[in-house]
Amino acid sequence: MTFTTETISRRNFLTAAGATGALTALGLAGCAPKAAPEASDAASTSASEGEATAASTSADWLGSAPSIAEGDIVETRDTELLIIGAGNAGMAAAATAADLGLDFTLCEKSGSMQSTRHWFGAVNTRYTEEAGAKVDTARLLNELMRYSSCQGDPRVARVWIEESAEMVEWIDPILAAAGMACEFDNDVDHPTGGTEYLVPTIQHYYSGTDAAGEKLERNKVLLAYINERGYDVAYNHSLAKLVQDEAGRVTGAIFETPDGYVQINSERGVLLATGGYSSNSAMLHACNPMVERCVTSQAGSPNNVGDGIRAALWAGAAKDAVGAPLIFDRGAVLPGQNAGIVTEEGTPAGFAGEPVVQFNLGSQPFMKVGRDGKRFYNESTPYNDCCFAAASNEGGVFCQVFDANLKENVKRFSTIGCSRLTQIKLATQPDTPIDEIYAEEMERGVLIKADTLSELADKLGFEGQAKENFLHEVEKNNQFFDNQADLDFGKEPYRLSEIRTAPFYGCWYGGCILCTLDGVRINADMQVLDNDNHVIDGLYATGDCSGSMFANNYPEYFAGLACGRSLTFSRHAVRHMAGDIA
């Protein structure tokens, strides 16, 4: 008998006798919520941040839509287009809607706009052409599908590939007018990952300062852009549920506000830009179990609790069947601390390494070992690969080791993406001692220093056979460097480094989760789909609450893809809703 898993929807979970048993056979039992009454009979609940709700247990993370009586709604508004979420995706959507002259409403659950992810990926833009770095789009698309084990939809991914250059042409003058200039990352001239991965040159970074010398942020620029055109953000509007007519079309949404429930009706439908669920412990436990096995900290927004995804599922949407966490190998912890969620279920996800966000040095390809003192993988691979491999280690953690030649080695490694921040940090402080550069990490006790390797092993917590293994691995590592050949895992010669020059340093790490990328299924127009792959009329999704593109991992060598996808999809969705594109 062959089992297949295509998508997850409310109907999938609640129909067919023995559904939970079937999901258990598929390894998805943790993602199967218990049956709940229809929305009209359910108890009124709120998905607001930090509250324990019916959706806050691993047994029933989905819960059911709250039952909100008409008399409980204190205000009803009408708009042409409703956008929910004022982050990277929502602000791009709002600016596009402003350009098109739409009467839109932009709602944000918190009291302020969400932070900007400045780097974004775009394909074959004018900056690419000026750099002579044209990307093979056919190979790019097929590589994306391989990363997702073909569980993404190539038709959806192709929208980013084909339309991201137009997105840059649209956003470039907006940012330039505010004083932001584009820096195109074209410093990729070598194979990486042991065997050659595709490393497309797609990363764009806009930076600049205002008249007061303050650093400009893209989302704030876009906020000013829509303000100038007479629009603003409705803050403190937390999505409670979507509104549908008798035919199932999404016609608006109900929000919980400080003044009570507010219903906003939308003529052209609703665009969800609500983010993922990296701060929802129950959803992570159920839908992204790898996180508990290897993550020690998070850098994501506490607002990302999956409320948009759950509201869409209540409306009949399908969800990606496989989790897709975006994890960096930078979650520094003290010796002895383990990976895993340490907060109680029903509360925002917290990890052992917090309140520290991340220690960027972990993404450098130095020798890494588990608690048994043994090296366990090729350190020169995408960020999450190290964390996934370490999930099989005791505690789900790994230890990185290097010597006094840190600066020279990092320069030679020439890593890509945001791991380059370490290279920049060290290059701009050529005469500053390592201990001063990383004084904060040393004071916290996560970066450990010793004059001998034996002393370092002791301070890192290696004892008995584990210490012998550790010292043996260092010796082997040095032989690999001398011979310029990694005989164990095939790391590239230029990314090998010796560990011989005192003082020596070590740090324990787990993964640092930024966001989740598995969301509700969409088509190439960002319309949300049900479990039969049919469009739910009036409902669109973009950014991290949308799915159909990633599975299991984030393709880190496609630097800036997640944000570039969000900006491009947001623009496409609004234009489709407005009838500006077919």
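Report on the accompanying structure. The model shown is predicted, which means the values in this text are computed figures rather than measured ones.

Digging into the overall build of the protein
Of regular secondary structure, the protein possesses 18 helices and 21 strands. Residue burial in the protein is summarised as follows: out of 582 residues, 61% are buried. When the accessible surface of the protein is summed, it comes to about 22000 Å², and 48% of that surface belongs to carbon and sulfur atoms.

Quick notes on the packing of aromatic side chains
Describing an aromatic ring pair means giving the distance of the ring centres and the angle of the ring planes. All told, the structure shown has 17 aromatic pairs when counted by the stated rule. Ring geometry for Phe104 and Tyr231: centres 4.3 Å apart, planes at 20°, overall stacked. Pair noted here: Phe104 is in strand 4 (residues 104-107) and Tyr231 is in the loop between helix 7 (218-228) and strand 8 (233-234), with a separation of 127 residues, a long-range link. When sorted by exposure, Phe104 lands in the same class as Tyr231, which is buried. Looking at Arg330, its charged tip hangs above the ring of Phe328, at a distance of 4.3 Å from the centre.

Concerning the environment of Val250
Checked against the element boundaries, Val250 lands in strand 10 (residues 250-257). Among the residues examined, Val250 registers a relative accessible area of 0% and is labelled buried. Sequence-wise, Val250 and Gly269 are 19 residues apart; in three dimensions their C-alpha atoms are separated by 6.2 Å. Residues contacting Val250, with those up to four places away along its chain left out, are Leu242, Val243, Gln244, Gly269, Val270, Ile536, Asp537, Gly538 and Leu539.

A closer look at unusual backbone geometry
Going from Ala502 to Pro503, the amide bond is cis rather than trans, its omega being 0°. You can see Pro503 is positioned in the loop between helix 17 (464-483) and strand 19 (504-516). Of note, Ser149 is a non-glycine position whose phi angle comes to about 55°, a positive value. Turning to its location among the elements, Ser149 is positioned in the loop between helix 5 (137-147) and helix 6 (154-178). The class for Ser149 is partly exposed, based on a relative accessible area of 48%.

A word on the sheet that holds strand 11 (residues 260-266)
Ordered by their spatial adjacency, four strands build an open sheet running 2-11-10-9, and the pairing between neighbours is mixed. Edge positions in the open sheet fall to strand 2 (73-79) and strand 9 (238-244), since each of these has one partner strand only. Ignoring strand direction, the axes of neighbouring strands in this sheet form an average angle of 25°.

Procedures and definitions
- Residues numbered from 1 in each chain as written.
- Predicted model: local features only at pLDDT ≥ 70, side-chain atom pairs only at ≥ 80, totals over all residues.
- Heavy atoms only, no water.
- Helix = DSSP H or I, 4+ residues; strand = E, 2+ residues; numbered from the N terminus.
- Buried < 20%, exposed > 50% of the residue type's maximum accessible area, 1.4 Å probe, protein only.
- Areas by Shrake-Rupley, 256 points an atom, 1.4 Å probe, with all protein chains shown as cover.
- Phe/Tyr/Trp six-rings, centres within 6.5 Å; stacked < 30°, edge-to-face > 60°.
- Lys NZ or Arg CZ within 6 Å of the ring centre and 35° of its normal.
- Contact = heavy atoms within 4.5 Å.
- Pairing = 2+ DSSP bridges.
- Axes fitted to C-alpha atoms, helices over the stretch in contact; angles between N-to-C directions.

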